[in-house]
Amino acid sequence: MRYAWGSRGAISDLLGTGGVLDEPELNSPLQAELWFGAHPASPSRIPDPELADGAATLRDWIADAPDAALGARAARVHPGEPQLPFLLKVLAAAQPLSLQVHPTLAEASAGYDAEDAAGVAVDAPERNYRDRLHKPELLVALSETMSALAGFRAVDAVRELVR
């Protein structure tokens, strides 16, 4: 993914592809995020020489053996359609990132259902909720130059300050 705050090659360095890439966009100064996940809209691919196209999707791999892929406990969270319980994002920030706010699980589910009821297509650009899941985040710094803010004021306290 490309963002103004992205790095000039940190992700290509991490992948071991250096500056020599087939896709020019992967080596752009705006290279900011590398995602690994099983979301239906864009699942990661796993090399598999036995398949005609040379790869399986992570989503299909999980579906084939959910207990082995996720562990029995995580596989039971979404019976009928086991899901990877997270999206791994590798961020390469060369500048400060914008503040992000994500809904709770209940808010995400309600928002998704409301947009469905309103007839907003899942892939519509104006849609806010593309699935029913919340988006908790965890930061693990891979370099000593990374810093982050934590411990924001409670919403009520912020509202009082704004008033």
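Reading guide: rules and limits
- Residues numbered from 1 in each chain as written.
- Predicted model: local features only at pLDDT ≥ 70, side-chain atom pairs only at ≥ 80, totals over all residues.
- Heavy atoms only, no water.
- Helix = DSSP H or I, 4+ residues; strand = E, 2+ residues; numbered from the N terminus.
- Buried < 20%, exposed > 50% of the residue type's maximum accessible area, 1.4 Å probe, protein only.
- Contact = heavy atoms within 4.5 Å.
- Areas by Shrake-Rupley, 256 points an atom, 1.4 Å probe, with all protein chains shown as cover.
- Lys, Arg positive; Asp, Glu negative; His and termini not counted.
- Charge placed at Lys NZ, Arg CZ, Asp CG, Glu CD.
- Phe/Tyr/Trp six-rings, centres within 6.5 Å; stacked < 30°, edge-to-face > 60°.
- Lys NZ or Arg CZ within 6 Å of the ring centre and 35° of its normal.
- Salt bridge = Lys/Arg side-chain N within 4 Å of Asp/Glu carboxyl O.
- Core = buried A, V, L, I, M, F, W, Y, C linked by side-chain atoms within 4.5 Å.
- pLDDT = per-residue confidence, 0-100.

A.B. asks: What is the right way to read the overall build of the protein chain from this model?
C.D. replies: When helices and strands are counted, the protein chain shows 6 helices and 5 strands. In terms of overall dimensions, the protein chain has C-alpha extents of about 60 × 40 × 30 Å along its principal axes. The burial tally for the protein chain puts 20% of its 163 residues in the buried class. Counting only contacts in the protein chain whose residues sit at least 6 apart along the sequence, the fraction spanning at least 24 positions is 44%. Total accessible area on the protein chain stands at roughly 12,400 Å², and carbon and sulfur atoms take up 57% of it. Averaged over its 14 positive side-chain charges, the protein chain has a centre that lies 8 Å from the centre of its 23 negative ones.

A.B. asks: I would appreciate a short explanation of the packing of aromatic side chains in the present structure.
C.D. replies: The geometry of an aromatic ring pair is captured by the separation of the ring centres together with the interplanar angle, meaning the angle of the planes. Overall, the coordinates contain 0 aromatic pairs when judged by the stated rule. Geometry around Tyr112 places Arg127 over its ring, the cationic atom sitting 4.6 Å from the centre.

A.B. asks: Looking at this model, I keep getting lost on the pattern of salt bridges. Mind explaining?
C.D. replies: When charged atoms on two side chains of opposite charge get close, those side chains can pair. By the definition in use, this model includes 6 salt bridges. Glu115 is the salt-bridge partner of Arg127, the closest N and O atoms lying 3.2 Å from each other. Taken together, the positions of Arg127 in the loop between helix H5 (105-117) and helix H6 (155-162) and Glu115 in helix H5 put the pair 12 residues apart, joining distant regions of the chain. Across this residue pair, the class does not change: Arg127 and Glu115 are buried. Relative accessible area serves as the criterion here: at 4%, Arg127 is assigned to the buried category.

A.B. asks: Any chance you could explain the nonpolar core here in plain terms?
C.D. replies: Proteins that are soluble and globular tend to have nonpolar side chains buried together. Counting residues in each nonpolar core, the largest one holds 6 residues, listed as Ala38, Leu58, Ile62, Leu70, Ala75 and Leu84. The residues contacting Ile62, other than those within four sequence positions of it, are Ala38, Ala69, Leu70, Pro82 and Leu84.

A.B. asks: Sorry if this is basic, but what is going on with the environment of Trp61 here?
C.D. replies: Summarising the element assignment, Trp61 is placed in helix H2 (residues 58-64). With a relative accessible area of 44%, Trp61 lands in the partly exposed category. For Trp61, the residues in contact, after removing those within four places along its chain, are Ile46 and Ala69.

A.B. asks: Help me out: how do you make sense of the confidence of the model for the protein chain in this one?
C.D. replies: Interpretation of the predicted coordinates at a detailed level should be avoided for regions scoring low in pLDDT. Chain-level statistics for the protein chain give a pLDDT mean of 83 and a share of 91% at 70 or above. Here strand S1 (residues 2-7) is the element of the protein chain with the lowest mean pLDDT, 79, and H5 is the one with the highest, 96.

A.B. asks: Please clarify how the environment of Glu126 should be interpreted in this entry.
C.D. replies: The topology assignment puts Glu126 in the loop between H5 and H6. Classification of Glu126 by relative accessible area gives exposed; the value is 56%. Spatially, the C-alpha atoms of Glu126 and Arg2 are 20 Å apart, while their sequence positions differ by 124 residues. Excluding residues within four positions of it along the chain, Glu126 makes contact with Glu115 and Val120.

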